[in-house]
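# Commentary on secondary and tertiary structure
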Amino acid sequence: MSKKLFLILLFGFFALQTYAQSSSFSIKATAVVMENLQMITIRDMDLVSPPIVGNTITVNPITSTYAGLFKILGSPNARVQINFTPRETLVEQNEGIGVVQAVYSLSAAPEDNQSASFLLTQGNADVTIGPIGEVFIWLGAELDVSQATQGNYVSEFVIEFEYM
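Residues numbered from 1 in each chain as written. Predicted model: local features only at pLDDT ≥ 70, side-chain atom pairs only at ≥ 80, totals over all residues. Heavy atoms only, no water.

This part takes up the overall build of the protein. Across its full length, the protein holds one helix and eleven strands. Along the chain direction, N to C, the helices and strands of the protein fall in the order α-β-β-β-β-β-β-β-β-β-β-β. Split into buried and exposed, the 164 residues of the protein put 33% on the buried side. In the protein, of all internal contacts separated by at least 6 residues, the share reaching a separation of at least 24 is 77%. Here the protein has roughly 10,900 Å² of accessible surface; of this, 55% comes from carbon and sulfur atoms. (Helix = DSSP H or I, 4+ residues; strand = E, 2+ residues; numbered from the N terminus. Buried < 20%, exposed > 50% of the residue type's maximum accessible area, 1.4 Å probe, protein only. Contact = heavy atoms within 4.5 Å. Areas by Shrake-Rupley, 256 points an atom, 1.4 Å probe, with all protein chains shown as cover.)

Encoded structure:
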């Protein structure tokens, strides 16, 4: 099949070359290139300092000073789709006995003003980059530690973003 394809392409090239001797062609191509999106981690989420209340550690992305903070840079006023892992089960890394259930939440604002941020739809959300090409994202979580044992827990929280 590859030989047939080669012959057809070769035939097409000669036919175009013969036709081009008596005609002229003009091709106009345009493209809009949007700059790449970039995410910068400004502050990691602090899960050591918040108190444990009723076997739960809560870090609210809108009100907690323990929330993680990211800045996304891109084209001013462009719309961005953000996908993230809303739930995760963390298993203790050494003995594998303890388990922590995590539910993540994000809030966003076009400027660095956490209290003015709005909660994003869990798992998949659309945001608009601010007029100077920035949008700020705060990461919060609710961790159920009722089945946790002493040890090391590692999260694989994933956040993806792309222009719409």
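Once you've had a look at it, read on.
Next up on the list: the environment of Ile 97. By the secondary structure assignment, Ile 97 is in the loop between strand S6 (87–91) and strand S7 (99–109). According to the relative accessible area criterion, Ile 97 is exposed, its value standing at 58%. Each C-alpha atom, one on Ile 97 and one on Thr 149, is 7.0 Å from the other, the two residues being 52 residues apart in sequence.

Moving on, we get to the nonpolar core. Counting residues in hydrophobic clusters, the biggest one holds 33 residues, and the most contacted among them are Ile 82, Tyr 104, Leu 106, Leu 120 and Ile 137. Every element with two or more residues in this core is listed here: strand S3 (56–59), strand S4 (68–73), strand S5 (79–84), S7, strand S9 (124–128) and strand S10 (134–144). Broken down by element, the residue count for this core peaks at seven residues, all from S10. Residues in contact with Leu 120, not counting those within four places in the same chain, are Ile 82, Leu 106, Ser 107, Ala 108, Ala 125, Val 127 and Ile 137. (Core = buried A, V, L, I, M, F, W, Y, C linked by side-chain atoms within 4.5 Å.)

With that out of the way, let us pick up the packing of aromatic side chains. Applying the stated criterion across every chain, the model contains three aromatic pairs. In this structure an aromatic cluster arises from ring pairing among Phe 84, Tyr 104 and Phe 157. (Phe/Tyr/Trp six-rings, centres within 6.5 Å; stacked < 30°, edge-to-face > 60°.)

What follows is about the side chain of Glu 134. Inspection of the secondary structure assignment puts Glu 134 in strand S10. Residue classification places Glu 134 among the buried positions, given a relative accessible area of 17%. Polar side-chain contacts of Glu 134 include one of 3.4 Å to the side chain of Lys 71. (Polar contact = N/O pair within 3.5 Å; in protein donor to acceptor, adjacent residues only side chain to side chain.)

Each strand in a sheet pairs with its neighbour through backbone hydrogen bonds, running either in the same direction (parallel) or in the opposite one (antiparallel). Spatially, three strands are ordered S9-S5-S11 in an open sheet, and the strand pairing comes out antiparallel. Two strands bound the open sheet, and with one partner strand each, they are S9 and strand S11 (159–163). If you compare each strand with its neighbour and ignore which way they point, the axes differ by 25° on average. Here S5 pairs with S11 via five bridges, running antiparallel. (Pairing = 2+ DSSP bridges. Axes fitted to C-alpha atoms, helices over the stretch in contact; angles between N-to-C directions.)

All right, on to the pattern of salt bridges then. Within the structure shown, the criterion is met by two salt bridges. Between Glu 134 and Lys 71 there is a salt bridge, with the nearest N and O atoms lying 3.4 Å from each other. In this pair, Glu 134 is assigned in strand S10 and Lys 71 in strand S4, connecting sequence segments 63 residues apart. Assigned by exposure class, Glu 134 and Lys 71 land together as buried. Here Arg 79 and Asp 126 are joined by a salt bridge, their closest N and O atoms 3.8 Å apart. Here the residue Arg 79 occupies a position in strand S5, and Asp 126 occupies one in strand S9, the gap between them amounting to 47 residues. Using a relative accessible area of 40% as the deciding quantity, one classes Arg 79 as partly exposed. (Salt bridge = Lys/Arg side-chain N within 4 Å of Asp/Glu carboxyl O.)

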